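Remarks on the overall topology
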Amino acid sequence: MKKILILTGGGDCPGLNAVIRGVAKRARQEKDWEIYGSIEAFNGVLNEQQEIVKLTSKRTAGIHVKGGTILKTTNKGNPIKFPVEQPDGSFKFIDRSDELVNKLQALEFDAVINIGGDGSQKISKVLFDKGIPIIGVPKTIDNDLCATDMTFGFQTAVQIATDSFDKLVTTAESHHRVMIMEVMGRDAGWIALHTAIAGGAEICLIPEIPYDIKKLVHRIELRYTKGRGFVNIVISEGAKPKAGTITHSAGERGSEHVRLGGVAYQLSKQLKDAGCKAEIRETVLGHVQRGGTPSAFDRVLASMFGVKAFELVLEKNFGRMVALKNNAITSVSLEEATRESNFVKKDSYIVNAAKGLGISFGD
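First, a word on scope: everything that follows refers to the structure included in this document. Each chain carries its own residue numbering, running from 1 in the written order of its sequence. pLDDT decides what is reported in this predicted model: residues at 70 or higher carry local features, side-chain atom pairs at 80 or more are listed and counted, and totals for whole chains, interfaces and linings draw on all residues regardless. Only hydrogens and water are set aside; all other atoms, that is, all heavy atoms of the structure, feed into the side-chain values.

Let us look at the sheet that holds strand β10 (residues 231–236). Across a sheet, paired strands are connected by hydrogen bonds in the backbone, their directions being either parallel or antiparallel. Think of it this way: DSSP has to see at least two bridges between two strands before they count as a pair. Strands here are runs of E lasting at least two residues and helices are runs of H or I lasting at least four, both read from the DSSP assignment and numbered beginning at the N terminus. Reading across the sheet, the four strands line up as β9-β10-β8-β13 and stay open at both edges, with parallel pairing between neighbours. Of all strands in the sheet, those bounded by a partner on one side alone are β9 (203–205) and β13 (280–284). In this sheet, adjacent strand axes meet at a mean angle of 15° when their direction is disregarded. Residue contacts are counted whenever heavy atoms from the two residues lie within 4.5 Å of one another. Lines fitted to the C-alpha atoms define the axes, with helices restricted to the stretch that makes contact. Angles between their N-to-C directions range from 0 to 180 degrees. This element, helix α7 (residues 190–199), spans β8 (178–183), β9 and β10 of the sheet and lies at about 160° to β10.

Here it is, written out as structure tokens:
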């Protein structure tokens, strides 16, 4: 029997289970494949007591409708920069990729499917260069991978954000308030931009377009010139003013990433300090954007990604990442997949369309 190992790394994301199920169902049609999963990304392989489970049909039945991942996940298991706690309580990051390669080879897996975002696919590239037969599957609610037109999880996050925004519009109108809703996205403003258009926001603030606080105050004042106005603002967690930096704090112990969040409260203070007289309320959606049942679109996309990933394994076409290109499921090299990030371009049609709808970016 041939063996395949599936793992999910980085932040959780709606649709992960649909990919796992897609790989498993397609692999079972070949009769001579066994499917396994590594718990918490590569940690399941690296741990002294390995955590690798066999993905039977019972384990994967019906999981495409469930949020999260049955294989669990972590953003503290990068084998290239693995966190090791020191005697003084600090963390040192070491390279365990050679150790990981040796363990994977000892387990005699014929293929590895790594489901994850930009960081995970950079790991895939390193492992492929060291001889591991690996396929990447792009996952992130941020939609910031450049080699695919869209990542699964993004549409669900936008739908959750839009549903929340719709509720804030009615309370803003009822109380004549400025409502600020903060969404995820890190350095990419896709979730905020799509939510602003779908929800009909007056202002959308994204990392790619630093804002001028005075212009925002002026825009808000125009909404109140006739007395009882209201304003709804969508802001991405990585947004920043022209004269300032992103709002962040130290990451969790053992994490190599800073923690974004709180920019809604920072913007509220900036508006008040700049003379905004309207009542302001803030809402931070946070991890609700990552959780729950994936949308129909993301279930379909993730399922197709899973099937394609296994077909690449059958072809022994390793060192590639599944991708959506021009409404077709295809693949790109891991080198191309990790070459650059997918950020919102200031002169893109979607930004110009948003401006055409009267949405201000504060620039």
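Put simply, two rings from Phe, Tyr or Trp (the six-membered ring, in Trp's case) pair if the centres are within 6.5 Å, and we call them stacked under 30 degrees between planes, edge-to-face over 60, tilted for the rest. For the structure on display, the rule yields three aromatic pairs. Here the aromatic rings of Trp-33 and Phe-310 are separated by 5.3 Å at their centres, their planes lie at 85°, and the arrangement is edge-to-face. On the criterion of sequence distance, the pair formed by Trp-33 in strand β2 (residues 33–38) and Phe-310 in helix α10 (residues 296–314) is long-range, its members being 277 residues apart. For every residue, the accessible area obtained with a 1.4 Å probe (protein chains only) is divided by the maximum for its type, and the residue is called buried under 20%, exposed over 50%, and partly exposed between those limits. By relative accessible area, which is 9% here, Trp-33 ends up buried. On the basis of relative accessible area, Phe-310 is assigned to the buried category, the value being 0%. Their ring planes at 70° and their centres at 5.9 Å tell us that Tyr-36 and Phe-109 sit as a pair that is edge-to-face. Of this pair, Tyr-36 sits in strand β2 while Phe-109 sits in the loop between α4 (97–106) and β6 (111–116), placing them 73 residues apart in sequence. Each member of the pair, Tyr-36 as well as Phe-109, carries the same accessibility label: buried. A positively charged side chain is recorded as over a ring if its NZ (Lys) or CZ (Arg) lies within 6 Å of the ring centre. The angle to the ring normal must also be within 35 degrees. Lying across the ring of Phe-109, Lys-3 places its NZ or CZ 4.8 Å from the centre. Its guanidinium or amino end placed over the ring of Phe-230, Arg-223 lies 5.0 Å from that ring's centre, counting from NZ or CZ.

Here we take up the nonpolar core. As used in this record, nonpolar core signifies buried Ala, Val, Leu, Ile, Met, Phe, Trp, Tyr and Cys residues forming a set joined through side-chain atoms within 4.5 Å. Grouped together as the largest cluster of nonpolar side chains are 63 residues, with contacts concentrated most on Ile-4, Ile-113, Ile-115, Val-137, Phe-152, Val-313 and Phe-361. What Ile-115 contacts, discounting residues up to four positions off in sequence, is Ile-6, Leu-7, Thr-8, Gly-9, Leu-16, Val-19, Ile-20, Gln-121, Val-137, Lys-139 and Phe-152.

The next thing to look at is the environment of Phe-361. Counting through the fold element by element, Phe-361 comes out in the segment after α12 (349–356). Exposure remark for Phe-361: the relative accessible area of 1% places this residue in the buried category. Taking the C-alpha atoms as reference, Phe-361 lies 6.6 Å from Tyr-211; in sequence the two are 150 residues apart. Setting aside residues up to four positions removed in sequence, Phe-361 forms contacts with Leu-193, Cys-204, Leu-205, Ile-206, Ile-209, Tyr-211, Val-351, Ala-354 and Lys-355.

What follows is about the sheet that holds β2. Spatially, the seven strands line up as an open sheet ordered β3-β2-β1-β6-β7-β14-β15, and their pairing is mixed. Edge positions in the sheet fall to β3 (52–54) and β15 (328–333), since each of these pairs with one other strand and no more. Strand-to-strand twist across the sheet, computed as the mean angle between neighbouring axes with direction ignored, equals 30°. Both β2 and β3 contribute to a ladder of three bridges, which runs antiparallel. Paired with Tyr-36 across the bridge in β3 is Lys-54. Against the sheet, helix α1 (residues 16–28) engages β1 (2–8), β2, β6 and β7 (134–138), with an angle of about 170° to β1.

A few words now on the pairing of β10. The buried count for β10 comes to six of six residues, which makes it a mostly enclosed element. What you see with β10 is no split at all: Val-231, Ile-233 and Ile-235 on one side and Asn-232, Val-234 and Ser-236 on the other are buried throughout. Here β9 pairs with β10 via three bridges, running parallel. Along β10, the bridge assignment pairs Cys-204 with Val-234.

Below, the discussion takes up the packing of α7 against α12. Interhelical geometry of α7 versus α12 gives an angle of 35° and a closest axis separation of 10 Å. Crossing geometry of α7 relative to α12 is assigned as left-handed. Across the interface between the two elements, Trp-190, Leu-193, His-194 and Ile-197 of α7 pack against Ile-350, Val-351 and Ala-354 of α12. Within the contact of α7 with α12, the residues separate by chemical class into six nonpolar, one polar and no charged. Crossings are sorted by hand: turned counterclockwise from the far helix by less than a right angle, the near helix makes the crossing left-handed, and turned clockwise it makes it right-handed. Charged residues are taken to be Asp, Glu, Lys and Arg, nonpolar residues to be Ala, Val, Leu, Ile, Met, Phe, Trp, Tyr, Cys and Pro, and polar residues to be all remaining types, Gly included.

Between the first and last C-alpha of α1 there are 19 Å, a value that for 13 residues agrees with the 18 Å anticipated at 1.5 Å per step. Among the 13 residues in α1, ten count as buried, and that is most of the element. Along α1, the residues classified as buried are Leu-16, Asn-17, Ala-18, Val-19, Ile-20, Gly-22, Val-23, Ala-24, Arg-26 and Ala-27. Buried residues in α1 make contact with β1, β2, α3 (57–60), β6, β7 and α10. By this rule, a helix spans an expected 1.5 Å times one less than how many residues it contains.

Limitation: the analysis is restricted to geometry and does not speak to function.
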